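# Fold and geometry: a report
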Amino acid sequence: MNSEEIKERLALIGALAEDAQAGFETMLVPFLLYGIAIPAGTAATYFFVHLELAKFVWLFWLALVGLCQLFLSLYFRRDRQVKIQRASDRIFAALWGSIGFTIMLNFVFFMVGKIAFAVIFFNIGILIAIGSAVSGTLVQKKVQILMYLESALWAACALSCLLVSPYNAPFVIAGATFVLLAIPAFTGLLIMRKKKTGDER
């Protein structure tokens, strides 16, 4: 392998890393949205149960997820007019979309009596830990370390769901969602906005 081939390969690796970084930044809005919606939805669920309206909880969550997806669809449709299509967009969409689908399957399995209540939230934590770890392999080193740290924290939250009472397991995941998804996503968006403002100047 000559020096030109080495340079070309290094340039390709660098381009792929930048592409993945830009694709990951696009995912900050969904992370922020669900990082706020899930804790709020969890609190509302306990409110429904307290009012003895538990049979309507699944309708509430269906409506909440539907509204989130509608918002994201409209947001990305508007953004797509100026956005360059990236391979990483499809990778992250497939990764996190499949995780979301598997989480929904967990609730279906619980409703038909196939898994225990606490196991749902253990699985959610493990799935998001895996998603964070896989995302970390695709982005640049600075963000990579943060994603690996998030993955480890999500795995710890997942394990704690099996150690606390089943009633408290949703609170663990709801709190982790806000702390590990919403806050980092909001911080990332602020940094991007500040960087963009600085570039325009």
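In what follows, the accompanying structure is described. (Residues numbered from 1 in each chain as written. Predicted model: local features only at pLDDT ≥ 70, side-chain atom pairs only at ≥ 80, totals over all residues. Heavy atoms only, no water.)

### With respect to the overall build of the protein chain
When helices and strands are counted, the protein chain shows seven helices and zero strands. Its helices and strands taken in sequence order, the protein chain reads α-α-α-α-α-α-α from the N to the C terminus. Burial status across the protein chain gives 33% buried among its 201 residues. A sequence separation of at least 24 residues applies to 68% of the contacts in the protein chain between residues at least 6 apart. Carbon and sulfur atoms make up 71% of the accessible area of the protein chain, which amounts to about 12700 Å² in all. (Helix = DSSP H or I, 4+ residues; strand = E, 2+ residues; numbered from the N terminus. Buried < 20%, exposed > 50% of the residue type's maximum accessible area, 1.4 Å probe, protein only. Contact = heavy atoms within 4.5 Å. Areas by Shrake-Rupley, 256 points an atom, 1.4 Å probe, with all protein chains shown as cover.)

### Observations concerning the nonpolar core
Core analysis: the biggest nonpolar cluster contains 28 residues, and Phe31, Trp96, Ile99, Phe121, Ile124, Trp154 and Ile173 have the highest contact counts within it. At the level of secondary structure, the elements contributing two or more residues to this core comprise helix 2 (28-50), helix 4 (87-111), helix 5 (117-138), helix 6 (141-163) and helix 7 (169-200). In terms of residues, this core owes the most to one element, helix 7, which gives seven residues. (Core = buried A, V, L, I, M, F, W, Y, C linked by side-chain atoms within 4.5 Å.)

### Looking at the environment of Gly100
Structurally, Gly100 can be placed in helix 4. Residues Gly100 and Ile128, 28 residues apart in the sequence, show an inter-C-alpha distance of 9.1 Å.

What is shown is where atoms sit, not what they do.
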